[in-house]
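Each chain, letter by letter, is given below.
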Amino acid sequence: MFCNIDLESIDITKEAPQTEPERQYYFMAKAREYVKALKKEIGRKPTFSVNTFGCQMNARDSEKLTGILLSLGYEEIESEDADFVIYNTCTVRENANVRVYGRLGSLKPFKARNPHMMIALCGCMMQEPEVVAKIKQSYRFVDIVFGTHNIFKLAELMCNRFENGKMTIDVWEDTTQIVEDLPNERKFVFKSGVNIMFGCNNFCSYCIVPYVRGRERSRKPEDIINEIKRLVADGVVEVMLLGQNVNSYGKNLENPMSFAELLREIEKIEGLERIRFMTSHPKDLSDELIETMASSKKICKHLHLPLQSGSSRVLKVMNRKYTKEQYLELVDKIRAAVPDIALTTDIIVGFPGETEEDFLETMDVVRKVRYDSAFTFLYSKRTGTPAAAMDNQIPETVAKERFDRLLKEVQDIAAEVTGKDAGRIMDVLVEDINRQDSEFVTGRLSNNSVVHFKGGEELIGKIVNVKLTEAKGFYYLGEMTN
Ligand code: 5AD
Ligand code: SF4
């Protein structure tokens, strides 16, 4: 989907406007001329590839980058042997950084063969000064470096690079700015992520996100609602509301509004069928939200509620602001209000000072809650966070052994829990043709479980009734009944 801007009508011989988004429209019009010249020179449409690492926020940012590149006249391709390659990076764990450096190295031969190729790096990793210093020193073939706060500036940075031929670096420490109304290109026609807020104020002691994504900023409700209405008019039936901590939505708005109130407004949008959101911090999950979820017809029966650790002692050092008991009470309250809700979580193993007893507390919560699925992570030391300076880091072998035990427990429970709806007839949103068998389609239940059943392409984006005939552990087989 593009926003309705007529780039042809912009006079690029004038000075660039100072206000946004007009300034970016101007640079998009200008960059388009550079891309046209490149097309003439190489005798074909220039190509691009956007590569996303990390979370759904990054995936959404990549759709925005893709929208801008399409409006400049590039063509998207799968291969990284393209004329413009972007890595939208993640830095939440060290191995995310290692992967980016590895992939970057593999781009060098492409660039050696194609002198027109441009390589851009953006996202969370670029917010770390050591990373930018390393790129400047050891990866001189990179053309553009920018961060998380100014992705809307892609066209302006490209113009800069086209004009001066030097590595362009523009990383902002923080921002209060939210630039609306730029192009974006959705990956799926029928579902979309929608940012409702940016940044995080929680400073969990292990986490680098508040340092690289800045302070919490909520979008205005009217901007969110208008965006969703436009998406629905364009074929979207499911939205995923995105924020690092959606439960604190609206606190910093001129006219404060709670997340539950926002959900109730979104629920009213006609044509919208399903509402998902992530991520919820347990400390901010209100009774009002639970009531709203219970009475809603559109909010999906799925809640991602990161636990991180089951030990109240560790949770305190993690700065999570809840105890094991409070977390379990919250789970009980949610389940009482929304009985068939699927619960998923994030858990970190091997946080500094974690003892076997602490770890067993985590196992205990896992057994009590019986999650539908859980993302389990080995603690990763992130420079600059309080936990990185703690002197009781856990040996990797100990952490790994605990991790394996946890993973097994989580998987065993998930296999039992996710099969519980076998035999029922449920609503499925069809997402795609099945990858293994083209006579089948793949869709999702409200609770996020995957279902495969016989059907064709015409069902994609539709919600249909499916009898869940067989539970296969992590997915169901079914038969369409309508
Ligand atoms: N080490 C391991 N996992 C981490 N996460 C965040 N920071 C770290 C870290 N330093 C995990 C948390 C969070 C998820 C997105 O990533 O579990 O919920
Ligand atoms: Fe990181 Fe905690 Fe913020 Fe989540 S809530 S992004 S874990 S600091």
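Presented here is a report on the structure given in the accompanying data block. (Residues numbered from 1 in each chain as written. Chains lettered and ligands numbered in written order. Predicted model: local features only at pLDDT ≥ 70, side-chain atom pairs only at ≥ 80, totals over all residues. Heavy atoms only, no water.)

As for the site of ligand 2
Selection rule: Near residues are defined by distance, with any heavy atom within 4 Å of the molecule or strand qualifying the residue. Classification used: nonpolar for Ala, Val, Leu, Ile, Met, Phe, Trp, Tyr, Cys and Pro, charged for Asp, Glu, Lys and Arg, polar for all others including Gly.
In the region of ligand 2, the neighbouring residues are Cys-200, Asn-202, Phe-203, Cys-204, Tyr-206, Cys-207, Val-209, Pro-210, Gln-244, His-281 and Arg-320. Of the residues assigned to the shell around ligand 2, the class counts are seven nonpolar, three polar and one charged.

A word on unusual backbone geometry
Note the threshold: Where helices and strands are cited, they refer to DSSP runs of H or I of at least four residues and of E of at least two residues respectively, numbered from the N terminus. Per-residue accessibility, obtained with a 1.4 Å probe over protein chains only, is compared with the maximum for each type, and a residue is labelled buried under 20%, exposed over 50%, and partly exposed between these values.
The omega torsion of the bond from Glu-20 to Pro-21 falls at 5°, within 30 degrees of zero and hence cis. Along the chain, Pro-21 falls in the segment before α1 (22-42). Of note, the bond from Met-278 into Thr-279 is cis; its omega dihedral lies within 30 degrees of zero at 5°. Positionally, Thr-279 belongs in the loop between β11 (274-278) and α9 (287-295). At Gln-308, a residue that is not glycine, the phi angle is positive and equals roughly 70°. For Gln-308, the location among the structural elements is in the loop between β12 (302-304) and α10 (312-317). Given the relative accessible area of 8%, Gln-308 is considered buried. Of note in the backbone geometry, Lys-321 takes a positive phi value of approximately 65° without being a glycine. Mapped onto the secondary structure, Lys-321 falls in the loop between α10 and α11 (324-337).

Some details on the packing of helix α2 (residues 56-71) against helix α5 (residues 154-164)
Note the following rule: Between N-to-C directions, angles span 0 to 180 degrees; the directions come from axes that are lines fitted to C-alpha atoms, helices contributing only their stretch in contact. We call two directions roughly parallel when the angle between them is under 35 degrees, roughly antiparallel when it is over 145, roughly perpendicular when it lies between 65 and 115, and oblique otherwise. Any two residues whose heavy atoms approach within 4.5 Å are treated as being in contact.
Interhelical geometry of α2 versus α5 gives an angle of 55° and a closest axis separation of 10 Å. Relative to α5, the element α2 lies oblique. In contact with Leu-65, Ile-68 and Leu-69 of α2, α5 contributes Leu-154, Ala-155 and Met-158.

A few points about the packing of aromatic side chains
Definition in use: In summary, the pairing rule links any two rings of Phe, Tyr or Trp, Trp by its six-membered ring, whose centres are within 6.5 Å, and it sorts them by plane angle into stacked for under 30 degrees, edge-to-face for over 60 and tilted for everything else. In this analysis the charged atom, NZ for Lys or CZ for Arg, is taken to sit over a ring once it is within 6 Å of the ring centre and within 35 degrees of the ring normal.
Taken as a whole, this structure holds 14 aromatic pairs when the rule is applied. Between Tyr-101 and Tyr-139 the ring centres are 5.6 Å apart and the planes differ by 25°, which places this aromatic pair in the stacked class. Placement of the pair is Tyr-101 in helix α3 (residues 94-113) and Tyr-139 in the loop between α4 (129-138) and β5 (144-146), with a sequence separation of 38 residues. Take Tyr-101: its relative accessible area is 14%, and that puts it in the buried class. A residue is classified by how much of its surface remains accessible, and Tyr-139, at 15% relative accessible area, is buried. Consider the rings of Tyr-206 and Phe-351, whose centres lie 6.4 Å apart with planes at 85°: the pair is edge-to-face. Here Tyr-206 is found in the loop between β8 (197-198) and α6 (209-213), whereas its partner Phe-351 is found in the loop between β13 (342-349) and α12 (356-369), with 145 residues between them in sequence. Connected via pairs of aromatic rings, a cluster forms that spans Phe-48, Tyr-74 and Phe-84. Above the ring of Phe-377, the side-chain terminus of Arg-93 is found at 3.8 Å from the ring centroid. The cationic tip of Lys-134 hangs over the ring face of Tyr-101; the distance from NZ or CZ to the ring centre is 4.0 Å.

A closer look at the sheet that holds strand β14 (residues 373-378)
Strand pairing in a sheet is mediated by backbone hydrogen bonds. Such pairs are either parallel or antiparallel. Test applied: The criterion for strand pairing is that DSSP finds at least two bridges linking the strands in question.
The sheet built from three strands is open, its strands ordered β12-β13-β14 with parallel pairing. Strands at the two margins of the open sheet, each flanked by one partner only, are β12 and β14. Averaged over neighbouring strand pairs, the angle between their axes works out to 10° when direction is ignored. As paired elements, β13 and β14 share six bridges and run parallel to each other. Bridge assignment links Ile-347 to a residue of β14, and that residue is Thr-376.

Brief notes about the site of ligand 1
Quick note on the threshold: Polar contact criterion, stated in full: a pair of N or O atoms within 3.5 Å, where within protein one must be able to donate a hydrogen and the other to accept it, and residues adjacent in sequence count only if both atoms are side-chain atoms. Per-residue and other accessible areas follow the Shrake-Rupley method at a 1.4 Å probe size, with only the shown protein chains counted as cover for residues.
Taken together, the neighbourhood of ligand 1 is formed by Val-92, Arg-93, Tyr-206, Gln-308, Asp-346, Ile-348, Phe-377, Leu-378, Tyr-379, Ser-380 and Arg-382. In the environment of ligand 1, an oxygen atom lies 2.9 Å from a nitrogen or oxygen atom belonging to the side chain of Arg-93. Within the backbone of Tyr-206, one N or O atom sits 3.0 Å away from a nitrogen atom of ligand 1. A total of 400 Å² of accessible area belongs to ligand 1 in isolation, and the protein chains cover 85% of it. For the shell around ligand 1, the elements supplying multiple residues, two or more each, are β13 and β14. When its residues are assigned to classes, the shell around ligand 1 shows six nonpolar, two polar and three charged.

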